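# Observations on the model geometry
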Amino acid sequence: EAGVAQSPRYKIIEKRQSVAFWCNPISGHATLYWYQQILGQGPKLLIQFQNNGVVDDSQLPKDRFSAERLKGVDSTLKIQPAKLEDSAVYLCASSFGQRTDTQYFGPGTRLTVL
Amino acid sequence: TQLLEQSPQFLSIQEGENLTVYCNSSSVFSSLQWYRQEPGEGPVLLVTVVTGGEVKKLKRLTFQFGDARKDSSLHITAAQPGDTGLYLCAARLDNNDMRFGAGTRLTVKP
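Residues numbered from 1 in each chain as written. Chains lettered and ligands numbered in written order. Predicted model: local features only at pLDDT ≥ 70, side-chain atom pairs only at ≥ 80, totals over all residues. Heavy atoms only, no water.

## Details of the sheet that holds strand β7 (residues 65-68) of chain A
All names here are of chain A. In space, the four strands of this open sheet follow the order β1-β3-β8-β7, with antiparallel pairing throughout. Each of the sheet's edge strands pairs with one partner strand only, and the pair in question is β1 (5-7) and β7. With direction set aside, neighbouring strand axes in the sheet form an average angle of 15°. Inspection of the sheet shows β1 paired to strand β3 (residues 19-24) by three bridges, in the antiparallel sense. (Pairing = 2+ DSSP bridges. Helix = DSSP H or I, 4+ residues; strand = E, 2+ residues; numbered from the N terminus. Axes fitted to C-alpha atoms, helices over the stretch in contact; angles between N-to-C directions.)

As structure tokens, this is what we get:
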């Protein structure tokens, strides 16, 4: 069974530029999560989708971050404009259904903002 | 202040040694999970504990959930270089959101 796919794996941009990350969850998984993991910290949930609807985006900095999950499958996370403190690994995870289901993580995208 | 405090932050040991890492909080949780994350990869779930006092074993790894469901420990017996990684605990809150600790970075030297 294929795992959660993410691209790109690495991205380097300058501050004030825009960047987008892509995630393809495990086939059949209705729930998709985006996490931010800053160096030396654990993952922090940014947004959760159930199919193509947002369940929780309370920790998403909405002035610069946006995410969508069209057709309830793939998802993109965008940062516009990026700040130095956005440097982190952005992890995508998916689960079959409810929040209590096991989450499967992708390898992440490492973003460096210069 | 972190919801989940993990200790130690870093641990470097020799192959064959035993070790214990801790995950502590002042809050009560319905469940707690342990993950291992290797460099360049996402976290992988090791175990979920849900009952106070519960002990679960996964080969050389022993997980315990505190009686009051506020803390947990992970004990590794006869550590091997393949155990090297970042060990994260995560708790599910009453609103079903999940919160991660900062992790313990373990290095096992051959």
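## With respect to the interface of chain B and chain A
Listed by partner, the interface residues are 18 residues for chain B and 18 residues for chain A. Applying the counting criterion to the chain B and chain A interface returns zero salt bridges. Put simply, chain B and chain A have four residue pairs in polar contact (both at pLDDT 80 or more) between them. Secondary-structure elements contributing two or more residues to the side of chain B that touches chain A are β4 (31-37), β9 (85-92) and β10 (98-100) of chain B. Of the residues assigned to the side of chain B that touches chain A, the class counts are eight nonpolar, six polar and four charged. (Contact = heavy atoms within 4.5 Å. Salt bridge = Lys/Arg side-chain N within 4 Å of Asp/Glu carboxyl O. Polar contact = N/O pair within 3.5 Å; in protein donor to acceptor, adjacent residues only side chain to side chain. Nonpolar A, V, L, I, M, F, W, Y, C, P; charged D, E, K, R; others polar.)

## Some thoughts on the packing of aromatic side chains
All chains considered together, the criterion is met by eight aromatic pairs over all chains. With a centroid separation of 5.4 Å and an interplanar angle of 50°, the aromatic rings of Tyr-35 of chain B and Phe-100 of chain B are classed as tilted. With Tyr-35 of chain B in strand β4 and Phe-100 of chain B in strand β10, the pair connects residues that are 65 residues apart, well separated along the chain. Taking the relative accessible area as the measure of exposure, Phe-100 of chain B reaches 7% and is therefore buried. Each member of the aromatic cluster is reached from another via a ring pair, and the members are Tyr-33, Tyr-35 and Phe-105 of chain A together with Tyr-35 and Phe-100 of chain B. (Phe/Tyr/Trp six-rings, centres within 6.5 Å; stacked < 30°, edge-to-face > 60°. Buried < 20%, exposed > 50% of the residue type's maximum accessible area, 1.4 Å probe, protein only.)

Bear in mind that shape data such as this cannot, by itself, settle questions of function.
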